[in-house]
Amino acid sequence: MTTIVVAPLARIAEMAVRHRSREMISLMAKEQAFHRPAVIQAKRHLLLHMNDIAFKGTGNLVAPDESHVGQIVDFARSWDQSAPLLIHCWMGVSRSPAAALISALAVEPDQDDEVLARRLRAVSPYATPNARLIEFADDILGRNGRLVAAVRSIGRGADADGNAPFTLPLTDRA
């Protein structure tokens, strides 16, 4: 089964080993240092510096932008799918679930956005995908508002403590 593993920073090594991931997307604030798990190929690690905010102009914080989404799309499309893709951020509830949805649609664009969003909610009651990433992805992936509407339809996730990794099947067929 092809899956995307979503994890908080504190659990990336464990999740990488458990799921035998070799590729990883990190969505972290610039000042947050961490070590790439040894099982992740250095050449297959995408590190994107951004804060978990929904709009620009918030002091020195870096808002997600189109270039971040474009890099997620390109990386996901180059993922060989022989092992789960690991995606993480600080807590594993906003930036990384958004990147998981983006990756799933980049690889399997014919799936229904609403079904994908409900699948995300089924595997994670805590996920609240970053709205800014979702809005850019909707445009870049040509979803015509469907992705934004689907994510809004699942609402805000439950409060989380940042210790709830999950796996998102790439498609319903997975």
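You'll find the structure just up there.
In what follows, the accompanying structure is described. Along each chain, residues carry numbers from 1 onward, in the same order as the chain's sequence is written. Totals for whole chains, interfaces and linings use every residue, but because this is a predicted model, local features are given only for residues with pLDDT of at least 70 and side-chain atom pairs only at 80 or more, for both listing and counting. Excluding hydrogens and water, the side-chain values take into account all heavy atoms of the structure.

Moving on to the environment of Gly 155. Mapped onto the elements of the fold, Gly 155 is located in the loop between α6 (146–154) and β5 (166–169). Classification of Gly 155 as partly exposed rests on a relative accessible area of 32%. Distance in space between the C-alpha atoms of Gly 155 and Ile 134 is 13 Å, their sequence separation being 21 residues. We call two residues contacting when some pair of their heavy atoms lies within 4.5 Å. The residues contacting Gly 155, other than those within four sequence positions of it, are Arg 121 and Ala 127. What counts as a helix is a DSSP run of H or I of at least four residues, what counts as a strand is a run of E of at least two, and both are numbered from the N terminus. The classification of residues rests on relative accessible area computed with a 1.4 Å probe and restricted to protein chains. Under 20% of the type maximum is buried, over 50% is exposed, and intermediate values are partly exposed.

Another aspect to go through is the side chain of Thr 3. Tracing the sequence through the fold places Thr 3 in strand β1 (residues 3–8). For Thr 3, a relative accessible area of 11% gives the class buried. Every residue in contact with Thr 3, bar those within four places of it in the chain, is listed here: Trp 79, Pro 84, Leu 85, Thr 167, Leu 168, Pro 169 and Leu 170.

As a further point, take the environment of Ile 4. Considering the arrangement of structural elements, one finds Ile 4 in strand β1. Overall, the relative accessible area of 0% leaves Ile 4 in the buried class. Along the primary structure Ile 4 and Ser 103 are separated by 99 residues, whereas in three dimensions their C-alpha atoms are 8.4 Å apart. In contact with Ile 4, not counting residues within four places along its chain, are Trp 79, Leu 85, Ile 87, Ala 100, Ser 103, Ala 104, Phe 166, Thr 167, Leu 168 and Leu 170.

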